[in-house]
Amino acid sequence: MEKQLISLVVPCFNEEEVIDETYRRLAALANSQVDCEFEFVFVDDGSRDNTLQHLREIAANDQRTLVLSFSRNFGHQLAVTAGIDEASGNAVILIDADLQDPPEVIPEMLTLWRDGHQVVYGVRSDRPGESPFKLWTAHLFYRLLNYLSDTPIPLDTGDFRLMDRSVVNVLRTLTERDRFVRGLVSWVGFRQIALPYRRSERFAGTTKYPLRKMLRFASDGIISFSVRPLRIAMLAGTLCAGLACAGIIWALCVRLFGHTWVQGWAATIIAVLFLGGVQLICTGILGEYIGRTYMQGKDRPLYIISERLGKPK
Ligand code: UDP
Ligand code: MG
């Protein structure tokens, strides 16, 4: 019987300090699995350090390696997307380059896959070594996302997951730009199962997700999977209008049944500023959706591969 091919997709952005160790651990895992074959798909997301040179060496020494190099930094989610598009395995596994997702969990994923599950997603049961700020914001984000989203997205999952070829083929047909891959995988359905694992600390180097990228990532997640912010904007407008009506009625009553008008300009300014603020926020929410529609309308390619090394297609 022909052996099944498993693709390991590794997005790398400025990971020169870890990439050799990551390859070593992945290769050790691949060599220990006798009943399937492996390919390594490294996607260099426009690294500005020596990551690509390290990957070149790896590709030169291991026939199972495919290296895709982006023309610039397109972001983690697009790097993962390119890996999914180019992988040729019967199953595709997404794994971070920093060894926070332990490769030793992969055999368990493979077992669940062979049992008939088409997606095995890792759930972080424990995240040592992360800052309290990151833990707290991540906790909040996944709960908010689930509250807002129409597609249930499992709590505390990352991109560390195994996907069957049938799932990958569907994912490849989705052309949306502001990608939130873990949400897309939930959206496509199929037989999915959670696999709890202990997330390790970063092997070396620092996080490639500064606050700015984290916020962008969070808004992609929410906006791509929900129109509820628009409804909330409408609700806020209705609430303000209601408040203003109550104010008008009160002012009229004071005049009609009393002997004075409502005094002072402070109340006027506060009301104007308040309403102005609410309107700007609502316009901003609207703008986020329109901006994304505009970018999608341009239909530019999602990423640009400037160099391809190793395994032929
Ligand atoms: N990454 C990437 N492009 C980016 C940022 C990150 O390909 O613009 C990769 C990075 O090399 C790593 C993975 O995405 O393999 C996760 O990034 P990181 O570990 O820095 O994020 P964290 O675990 O701190 O959330
Ligand atoms: Mg990490």
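To start, this report covers the structure provided alongside it.

Reading guide: rules and limits
Residues numbered from 1 in each chain as written. Chains lettered and ligands numbered in written order. Predicted model: local features only at pLDDT ≥ 70, side-chain atom pairs only at ≥ 80, totals over all residues. Heavy atoms only, no water. Helix = DSSP H or I, 4+ residues; strand = E, 2+ residues; numbered from the N terminus. Buried < 20%, exposed > 50% of the residue type's maximum accessible area, 1.4 Å probe, protein only. Lys, Arg positive; Asp, Glu negative; His and termini not counted. Salt bridge = Lys/Arg side-chain N within 4 Å of Asp/Glu carboxyl O. Polar contact = N/O pair within 3.5 Å; in protein donor to acceptor, adjacent residues only side chain to side chain. Contact = heavy atoms within 4.5 Å. Donors = N, O, S within 2.8 Å, 3.2 Å for Na, K, Ca; no water.

Observations regarding the side chain of Arg 161
Then step 1. Mapping Arg 161 onto the fold places it in strand β6 (residues 157-164).
Then step 2. Put simply, Arg 161 is tucked away with no salt bridge, and the nearest opposite charge, on Asp 159, sits 4.7 Å away.
Then step 3. Of note is the side chain of Arg 161, whose polar atom sits 3.0 Å from the backbone oxygen of Gly 158.
Then step 4. Contact partners of Arg 161, with chain neighbours within four places excluded, come to Val 92, Ile 93, Leu 94, Met 109, Val 119, Val 120, Tyr 121, Arg 182 and Val 185.

Digging into the pattern of salt bridges
Then step 1. One pass over the structure, following the stated rule, counts 15 salt bridges.
Then step 2. Close ionic contact of Asp 159 with Arg 182 constitutes a salt bridge, the shortest N to O distance being 3.1 Å. Of this pair, Asp 159 sits in strand β6 while Arg 182 sits in helix α7 (residues 181-188), placing them 23 residues apart in sequence. The same class applies to Asp 159 and to Arg 182, which are both buried.
Then step 3. Taken together, the shared-partner salt bridges connect Asp 178, Arg 216, Asp 220, Glu 288 and Arg 292 into one network.

Quick word on the coordination of the magnesium ion (ligand 2)
Six octahedral donors around a metal ideally subtend angles of 90 or 180 degrees, whereas four tetrahedral donors ideally subtend 109.5 degrees.
Then step 1. For the magnesium ion (ligand 2), the protein coordination sphere consists of Asp 98 (OD) and Gln 100 (OE1), at 1.9 to 2.0 Å.
Then step 2. Judged by relative accessible area, which is 8%, Gln 100 ranks as buried.

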